[in-house]
There are 2 protein chains.
Amino acid sequence: MNDPDFPRRIRDAGGRVTAARVAVLRCLAATEEPLTPDEVLERLAQTAGPVPDRVTIYRAIEWLAAHGLVRQLATVGRAARYEAVEDRETHAHFQCRGCGQTRCLPAPPPPLPPLPIGYVAERVELVIHGLCAACRAGERR
Amino acid sequence: MNDPDFPRRIRDAGGRVTAARVAVLRCLAATEEPLTPDEVLERLAQTAGPVPDRVTIYRAIEWLAAHGLVRQLATVGRAARYEAVEDRETHAHFQCRGCGQTRCLPAPPPPLPPLPIGYVAERVELVIHGLCAACRAGERR
DNA sequence: GGTCTTTTTGCCATTTTATTGCATTTTTAC
DNA sequence: GTAAAAATGCAATAAAATGGCAAAAAGACC
Ligand SMILES: [Mn+2]
Ligand SMILES: [Mn+2]
Ligand SMILES: [Zn+2]
Ligand SMILES: [Zn+2]
């Protein structure tokens, strides 16, 4: 955990430093698991200070994603999930088909398969589908 | 392409053989790229015969997925995407951040990272994010 | 500090995608 | 063919995301 100077990161990305952007970025950076926009809102609501509107959360996330401070994960659920981009190592994500939980897993970077001509890869994502411990216990056997 | 006896596959899965299930499964099996429920509906609409209701498509897909004949992909787009489960080799998926296109790529099965205690993996998915040839050409430089 | 310009925000309306309830129809077992 | 069980169509509803626009806030300059 190096310097989490969120206002600086936002300014360096060429945007205005607003309460909503800082709060959303801090929220995502402070969390273990990737969050949906609504989950971000819930958490901000439990914090001190004014709560941004839901639409503002969407727009803050959109801006942060467009400027590389946050990234959207590929998911099977209905809601999009985002995580702060850290300069830590590559990792994978586990998605439980029972409860929909998504969590980060340490994992080596997977190999990049050859792409069709003209295609360019920007990111490789590894998703493990399965059942979490709780959901597995819940499934009668 | 071995025997695509869709009614049989559905019956073997323990379900009733209905026109909608057969049509949806055939549609997904006949396609190169994973489709959204609406795309399935569009394609069925262009085929001969009665067109199932949108809700029926959803329910057919849901049933097929629950019984392993179809699988939902992890995506960044808003709509869910599905593909028929073939017994062919593993493959990855490319997702264009420009147009949202999702296509299958031949790729070796990625290594399974270690999971937390009690977690069980059922499937590993590799997603390549980037730009397709068309979208790359479209981006001014 | 104050003033100006540009960007962002809040609120409301709307869109897109998916789900639920229920009467009717279809499938299957006998 | 008949009856039981399951699937379907249709309308209503829910969930997630987006668009328009006036008000508010941020940054640049003084
Ligand atoms: Mn992660
Ligand atoms: Mn595929
Ligand atoms: Zn779970
Ligand atoms: Zn594209």
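Residues numbered from 1 in each chain as written. Chains lettered and ligands numbered in written order. Predicted model: local features only at pLDDT ≥ 70, side-chain atom pairs only at ≥ 80, totals over all residues. Heavy atoms only, no water.

Draft legend 1. Expanded view of the coordination of the manganese ion (ligand 2). Residues and elements named next belong to chain B. The coordination sphere of the manganese ion (ligand 2) contains the protein donors E83 (OE), H91 (NE2), H93 (NE2) and C104 (SG), at a distance range of 1.9 to 2.3 Å. Read in sequence order, the donor residues for the manganese ion (ligand 2) give the motif E-x7-H-x1-H-x10-C. In this pair, H91 sits in strand β3 (residues 91-96) while C104 sits in strand β4 (residues 102-106), placing the two residues 13 residues apart along the sequence. You'll find H91 and C104 in the same group, each marked buried. (Donors = N, O, S within 2.8 Å, 3.2 Å for Na, K, Ca; no water. Helix = DSSP H or I, 4+ residues; strand = E, 2+ residues; numbered from the N terminus. Buried < 20%, exposed > 50% of the residue type's maximum accessible area, 1.4 Å probe, protein only.)

Draft legend 2. Looking closely at helix α3 (residues 37-45) of chain A. Residue and element names in this part refer to chain A. Every buried residue of α3 is accounted for by P37, V40, L41 and L44. Around the axis of α3, the buried residues are gathered within 100° of arc, so they sit on the same side. Structurally, α3 contributes buried residues whose contacts are with α2 (19-29), α4 (54-66) and β2 (81-84). (Arc of directions from axis to C-beta. Contact = heavy atoms within 4.5 Å.)

Draft legend 3. Quick look at the coordination of the zinc ion (ligand 3). Every protein donor of the zinc ion (ligand 3) is accounted for by C96 of chain A (SG), C99 of chain A (SG), C132 of chain A (SG) and C135 of chain A (SG), and the metal-donor separations fall at 2.2 to 2.4 Å. Considering all 4 donor atoms around the zinc ion (ligand 3), angles at the metal cover 102 to 117° and the coordination shape is tetrahedral. (Tetrahedral: all angles 85-135°; square planar, octahedral: opposite > 155°, others 65-115°.)

Draft legend 4. Spotlight on the protein's contact with DNA strand C. Near DNA strand C you find 19 residues, and of these T18, R21, T56 and R59 of chain A together with R16 of chain B are the closest. Within 4 Å of the protein, the contacting atoms of DNA strand C are drawn from sugar and phosphate to the extent of 67%. In this structure, a phosphate oxygen belonging to DNA strand C sits 2.4 Å away from a side-chain N or O atom of T56 of chain A. Between a phosphate oxygen of DNA strand C and a main-chain N or O atom of A80 of chain B, the distance comes to 2.8 Å. Counting residues per element, the ones that place at least two in the surface near DNA strand C are α2 and α4 of chain A together with α4 (54-66) of chain B. For the surface near DNA strand C, the residue count by class is 9 nonpolar, 2 polar and 8 charged. (Near = heavy atom within 4 Å. Polar contact = N/O pair within 3.5 Å; in protein donor to acceptor, adjacent residues only side chain to side chain. Nonpolar A, V, L, I, M, F, W, Y, C, P; charged D, E, K, R; others polar.)

Draft legend 5. Structural view of the interface of chain B and chain A. Chain B puts 38 residues into the contact, and the matching count from chain A is 37 residues. For the pair chain B and chain A, the summed buried surface comes to about 3100 Å²; carbon and sulfur atoms form 60% of the total. It is Y119, E122 and H129 of chain B that lose the most area in chain B upon contact with chain A, and together they represent 19% of the buried surface on that side. Across the chain B-chain A interface, the total number found is 2 salt bridges. Between R97 of chain A and E122 of chain B there is a salt bridge, with its nearest N and O atoms 2.8 Å apart. In terms of residue count, the dominant contributor to the side of chain B that touches chain A is strand β5 (residues 120-131) of chain B (12 residues). (Buried area = accessible area lost by both parts, 1.4 Å probe. Salt bridge = Lys/Arg side-chain N within 4 Å of Asp/Glu carboxyl O.)

Draft legend 6. Structural view of the relation of the copies chain B and chain A. Overlay of chain B on chain A (RMSD 0.1 Å): rotation 180°, translation along the axis 0.0 Å. As the rotation angle and translation indicate, the two copies are arranged about a two-fold axis. The overlap is high: 97% of the interface residues of chain B also sit at the interface in chain A, so the same surface is used on both sides. (Least-squares fit on C-alpha atoms with pLDDT ≥ 70 in both.)

Draft legend 7. View of the pairing of β3 of chain B. All names here are of chain B. With 6 of its 6 residues buried, β3 lies for the most part within the structure. Alternating positions in β3 separate into two faces, H91, H93 and Q95 on one and A92, F94 and C96 on the other, with burial throughout. As judged from the 5 bridges shared by β3 and β4, these two strands associate in the antiparallel manner. Looking at the pairing, F94 lines up with R103 of β4. Here β3 hands over to β4 after 5 residues, with G100 in that stretch at a positive phi of 85°. Here 4 bridges tie β3 to β5, and the two strands are oriented parallel to one another. Residue pairing across strands places F94 opposite I128, the latter belonging to β5. (Pairing = 2+ DSSP bridges.)

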